[in-house]
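# Structural overview for review
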There are 2 protein chains.
Amino acid sequence: MSEVNIKYLAEKLGLAPSTVSRALNDSYEISQPTKDRVVALAKALNYQPNPFARSLREQKSKTIAVIIPERINNYFSQVIDGIEEITQEYGYHLLVYSTHENVETERKIISYLLNGRVDAIVMSVSSQTKNIDHLETVYNKGVPIIFFDRICKEIPTTKFITNDYENGYKATNLLIEKDCKKIYFLLLSKEISIGKERLRGYLDAMKESSLPFEESWVIQCSQKEEENISLISKFLYGMDRPDGIVASVEKLAIATYYAARETKLNMPKDFKMISFSNMRIAGLLQPTLTTISQPALKLGMECAQLLMKKLTKPNQPPLEDKIIVLPSQISMRESTGK
Amino acid sequence: MSEVNIKYLAEKLGLAPSTVSRALNDSYEISQPTKDRVVALAKALNYQPNPFARSLREQKSKTIAVIIPERINNYFSQVIDGIEEITQEYGYHLLVYSTHENVETERKIISYLLNGRVDAIVMSVSSQTKNIDHLETVYNKGVPIIFFDRICKEIPTTKFITNDYENGYKATNLLIEKDCKKIYFLLLSKEISIGKERLRGYLDAMKESSLPFEESWVIQCSQKEEENISLISKFLYGMDRPDGIVASVEKLAIATYYAARETKLNMPKDFKMISFSNMRIAGLLQPTLTTISQPALKLGMECAQLLMKKLTKPNQPPLEDKIIVLPSQISMRESTGK
DNA sequence: AAATTACACGAAATCGATTGCACTGATTGT
DNA sequence: ACAATCAGTGCAATCGATTTCGTGTAATTT
């Protein structure tokens, strides 16, 4: 590829490779005239240092892995945009992987990353993840790891989430205020940390209200769109259907729209819904969807900022074991009634 | 990080590093018993070869760059999913970059990749891209590059697109069949190759019909959502507003929905619309949107397949200079009338 | 018995950049 | 006047894996 290497430059300049290297790195031991000559030639030949030689020597890759459960999801796209915005400034590169919500894939991806290929990992765990051996391995190897959204509490590192408990609570109360008497909660999977928090908010809100509640109102959904639609349709067909639904993730809200269409029920007349979602077009659905949207871009930026500090400044302590909570925003729309 | 290297293994086994390397690579010069011992220990210690040492030596990175204009777009997410599905099997990694439709960013990203960091580039050029020096540099350096969707015709390499001309033509005729008399075309930017093709299809369909046509019906939109909405609203307010709209990209269709709401016009009664789009929820909009959706996943997979062949098989010729066309699919929905 | 050959493995060079140490010539201190 | 200091540069080792070229042994051939 690029035949212009440091040895070639050295030859052209009548200097030693080491001198060229030091000149390019602006070392104090090199005289200004020499530096100027070196830099000039490097620019003229468009010299680009070989990243692998450098990584090998320095034991760092200037690369960060981002692992997400799915790509077709605005939320994750926005988070990555946020991460990239910051890391780009520092000359870092992003390896992006999707687990497709599959733990086995997650394990495999992680195993590829334990050989120094990346300097750090930013991830949102798959909904299937129960056994966290692979995550512990990462931690034990000393690779900085940051979790976001779907975090793994057991690993002592920094995690970023939104105020899920609070919003689960608020969302539920919002439906209660709108006079809903029977509120269901759609859960993607019990393993997801944020699902749990949102559920906890819902449960507490239900408990505090004087409304009835049954365990079976917490609906465990799957990854498969079709299954979810028929599952939701099933209980919407029932005489004892809910008149309020809290969807813990966007795709369940969408499934509910399809189910509503199938069952010919009218939203918000027959039932109201609120969903956690970062869709841009929530305002174009029929009816428009009341959402709780997460500050995805900001979250990505903060993750990256923290990482960059850790990776680029000398003598940084390990990432603190703490959870940073960013506030979400509720947008009232038609699906919860006017 | 990982202290288990080939030298360490060699020591433990009482062998030379070269022997260990050969054993792990299943060289014919190593006896079976020795191979077994080496492989066993490597597995036991969970030995992972250092990717940089290997890349440095072999002059290849097993990494591919994917450059897209924006992340928050299902189409691109699906393409990347497709690419990843194939490249993962071959042990390749994906560096993903977004240009945010900015040529300067595009240039910068490309410049980072010319030092051997990646073995190939798969990209969709930004809508601003006119000057293609940076793309020519890539080509001249011998880095395999594949374009998709928004291609750069001037570079002699393989490009993947969908049958944009044909679909622009079909979409327009579809509106004509639905009795539209005045059909506008929403264009994102004249620089985008696919925009041009879709436009050409529209123009030809208009020409062939007996309908009137004016140059000003091709609306040049920008990247800014707000600007587009007010631009579209403006002509929708006019007395001589269109009764049919072909949106060349998804975001313009969305802007049109907002504009329709603002101007209190009814779709499909007052005007009909068809859009190129890969939205999953086109069927949930009000009215549901008739779309031409591209085979994004498949496109990604075919790109990757071609690349993998080029990169993993010996003595491959350069990527052929040709355009591969994949068929899109039209989904009729309410926005074009029943 | 000498020579060829197959086999199993080791030594050292290589990829390209960085860096600890050594060396030269000039300047400063005593 | 002679040692000590220092700026400016080169030499060689290093990072970890691969690979070229050998080496030594045993088996087989002539």
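Everything that follows concerns the structure shown earlier in this document.
### Some remarks on the protein's contact with DNA strand D
Taken together, 26 residues lie near DNA strand D, and T19 and R57 of chain A together with I6, Y47 and R57 of chain B sit nearest. The sugar-phosphate portion of DNA strand D accounts for 57% of its atoms within 4 Å of the protein, the bases making up the rest. The backbone of N50 of chain B places a nitrogen or oxygen atom 3.2 Å from a phosphate oxygen of DNA strand D. Breaking the surface near DNA strand D down by element, the ones donating at least two residues are α2 (17-24) and α4 (51-58) of chain A together with α2 (17-24) and α4 (51-58) of chain B. For the surface near DNA strand D, the element with the most residues is α4 of chain B, which contributes four residues.

### Let's talk about the packing of aromatic side chains
Under the definition given, this model contains 19 aromatic pairs over all chains. Taking 4.8 Å as the distance between ring centres and 50° as the angle between the ring planes, the aromatic pair formed by Y184 of chain B and F235 of chain B counts as tilted. Residue Y184 of chain B is found in strand β6 (residues 183-187), and its partner F235 of chain B is found in helix α10 (residues 225-237); the two are separated by 51 residues along the sequence. What makes F235 of chain B buried here is its relative accessible area of 13%. Three or more aromatic residues joined by ring pairs make a cluster, and in this case those are Y184, F185, Y202, F213, W217 and F235 of chain A.

### Concerning the interface of chain B and chain A
At the junction of the two partners, chain B supplies 51 residues and chain A supplies 52 residues. By the criterion of area lost to chain A, the three top residues of chain B are F52, I72 and L284 of chain B, representing 15% of everything that side buries. The interface formed by chain B and chain A contains four salt bridges. For D81 of chain B, the salt bridge is made with R71 of chain A, and the minimal N-O distance between the two is 2.8 Å. If you list the elements that add at least two residues to the side of chain B that touches chain A, you get α4, α5 (74-89), β2 (93-98), α6 (103-112) and α11 (250-263) of chain B. With seven residues, α5 of chain B is the single largest residue contributor to the side of chain B that touches chain A. Classifying every residue of the side of chain B that touches chain A by side-chain character gives 23 nonpolar, 21 polar and seven charged.

### Notes on the protein's contact with DNA strand C
Neighbouring DNA strand C are 26 residues; I6, S18 and R57 of chain A together with T19 and R22 of chain B lie closest to it. Here a phosphate oxygen of DNA strand C and a side-chain polar atom of R54 of chain A are 2.8 Å apart. At 2.7 Å from a phosphate oxygen of DNA strand C is found a main-chain nitrogen or oxygen belonging to A16 of chain B. Counting only elements with at least two residues in the surface near DNA strand C, the list comes to α2 and α4 of chain A together with α2 and α4 of chain B.

### Focus on the side chain of S124 of chain B
Residue and element names in this part refer to chain B. Position of S124 among the secondary structure elements: in the loop between β3 (120-123) and α7 (133-141). We classify S124 as buried; its relative accessible area is 0%. Here F148 takes part through its backbone oxygen, which lies 3.0 Å from a polar atom of the side chain of S124. Among the polar contacts listed, one links the side chain of S124 to the backbone nitrogen of R150, at a separation of 3.3 Å.

### Quick look at the layout of surface pockets
In this structure, the second largest pocket encloses a volume near 1,000 Å³. What lines the second largest pocket is a set of 31 residues, and nearest its centre among them are I6, Y47, P49, N50 and A53 of chain A. Mapped onto the lining of the second largest pocket, the elements with two or more residues apiece are α1 (6-13), α2, α3 (32-44) and α4 of chain A together with α4 of chain B. With five residues, α4 of chain A is the single largest residue contributor to the lining of the second largest pocket. The class makeup of the residues in the lining of the second largest pocket is 13 nonpolar, ten polar and eight charged.

About the thresholds
Residues numbered from 1 in each chain as written. Chains lettered and ligands numbered in written order. Predicted model: local features only at pLDDT ≥ 70, side-chain atom pairs only at ≥ 80, totals over all residues. Heavy atoms only, no water. Near = heavy atom within 4 Å. Polar contact = N/O pair within 3.5 Å; in protein donor to acceptor, adjacent residues only side chain to side chain. Helix = DSSP H or I, 4+ residues; strand = E, 2+ residues; numbered from the N terminus. Phe/Tyr/Trp six-rings, centres within 6.5 Å; stacked < 30°, edge-to-face > 60°. Buried < 20%, exposed > 50% of the residue type's maximum accessible area, 1.4 Å probe, protein only. Contact = heavy atoms within 4.5 Å. Buried area = accessible area lost by both parts, 1.4 Å probe. Salt bridge = Lys/Arg side-chain N within 4 Å of Asp/Glu carboxyl O. Nonpolar A, V, L, I, M, F, W, Y, C, P; charged D, E, K, R; others polar. 1 Å grid on protein atoms, 1.4 Å probe; cavity = no way out; pocket = protein on both sides within 12 Å on 5 of 7 lines; lining within 4 Å. Points joined across faces, edges and corners; volume = space filled by probe spheres on them.

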